[in-house]
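Chain by chain, the residues:
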Amino acid sequence: MRSADVEVVVTVPNHGIGLWMVGAFVLTFVGTRVITRLIRAGRGPFRNVEVGGTHVHHQVYGILAMLVAGAMEFAYRPDTPGAQILAALFGTGAALTLDEYALWLHLKDVYWTREGRKSVDAAFLAVAVGLLLVAGVNPFADTGQGATAHLEFAVVLLIDLVFTVGAILKGKTALGVIGLLVPLVALVACLRLAKPDSPWARWRYRPGSQRAERALRRYPPGRRTRMDALKDFVGGVPWR
């Protein structure tokens, strides 16, 4: 008796468009930081752009680029190479916009101050999330069959969201956002000690308590890590 032939088809999702977006983001962010550092040092041909005495920040160009890319994508849904071009345009716009994230967060020019370091944090986080999405990480895909499977998926997703919110409340925003895609990261961040200036510490760590003292020892004022050194290298050392 001849056994039936079984044909297995594996379909690999096309993440090429995502690579164009992430690649354009990284190149634009690095190029922008190089140019702004040259302007800061007074070197090279680059200067701040002013129109009628008003300094036009590069986030303006970034917002326009994202608006154009988004509108073109929704309106025309282009195939290759249009899709790749729009992905690169969106990534470029996102880099220009997030490079000045701290400015639209604080509503003032804090680009070279310590508050401005939030822009570098936002860019690093965007690259990490982008790479995870390109790699195919998608915990929001409900592939189950039947009401029970859908309910189990909803419960797991809700638990992940709880851990994510907990991590963010403990002052670990980057790990919380990444935890949306990799639940284990959110779980670990949520269970660990909160930073002393976080909402969780203000609500749960009574001043002078053992947990408050542990948090201060773990995260002392002025604490610097290897990641901080990398941010200085990429974004430039902020003014003291």
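Residues numbered from 1 in each chain as written. Predicted model: local features only at pLDDT ≥ 70, side-chain atom pairs only at ≥ 80, totals over all residues. Heavy atoms only, no water.

Section: the packing of helix α7 (residues 173–181) against helix α8 (residues 183–191)
Rule in force here: Axes, fitted as lines to C-alpha atoms, cover a helix only where it is in contact. Angles between the N-to-C directions of the axes lie from 0 to 180 degrees. Only DSSP runs of H or I covering at least 4 residues are called helices, and only runs of E covering at least 2 are called strands; the numbering of each starts at the N terminus. When checking whether two residues touch, look at their non-hydrogen atoms; a contact exists if any pair is within 4.5 Å. Classification used: nonpolar for Ala, Val, Leu, Ile, Met, Phe, Trp, Tyr, Cys and Pro, charged for Asp, Glu, Lys and Arg, polar for all others including Gly.
The N-to-C vectors of α7 and α8 enclose an angle of 145°; their axes lie 6 Å apart at closest approach. Counting all contacts with α7, which are made through Leu175, Ile178, Gly179 and Leu181, the residues of α8 involved are Pro183, Val185, Ala186 and Ala189. A per-class count over the contact of α7 with α8 returns seven nonpolar, one polar and no charged.

Digging into the nonpolar core
Most often, soluble globular proteins keep nonpolar side chains buried together rather than apart. Cut-off, in case you're wondering: As used here, the term nonpolar core means buried Ala, Val, Leu, Ile, Met, Phe, Trp, Tyr and Cys residues forming a set that is joined through side-chain atoms within 4.5 Å. Burial classes: relative accessible area under 20% of the type maximum marks a residue as buried, over 50% as exposed, and values in between as partly exposed (1.4 Å probe, protein chains only).
In this structure, Leu193, Ala194, Ala201, Tyr205, Ala212 and Ala215 together form the largest nonpolar core, which totals six residues. When neighbours within four sequence positions are excluded, Ala201 is seen to be in contact with Ala194, Lys195 and Pro196.

Observations regarding the pattern of salt bridges
Pairing between side chains of opposite charge can happen when their charged atoms approach one another. We count it as follows: Within this document, salt bridges are pairs made up of a side-chain nitrogen of Lys or Arg and a carboxyl oxygen of Asp or Glu, the two lying within 4 Å of each other.
One pass over the structure, following the stated rule, counts five salt bridges. Here Arg33 makes a salt bridge to Asp99, at a shortest N to O gap of 2.7 Å. A residue pair is termed long-range when its members are at least 10 positions apart, and Arg33 in helix α1 (residues 16–41) and Asp99 in the loop between α3 (82–98) and α4 (101–106) qualify at 66 residues. Residue Asp99 is classed as buried on the basis of its relative accessible area, which comes to 0%. With a closest N to O distance of 2.6 Å, Asp232 and Arg117 form a salt bridge. On the criterion of sequence distance, the pair formed by Asp232 in helix α11 (residues 226–235) and Arg117 in helix α5 (residues 117–134) is long-range, its members being 115 residues apart. Here Asp232 matches Arg117 in class, with each residue buried. Sharing partners across several salt bridges, the network here consists of Arg117, Arg224 and Asp232.

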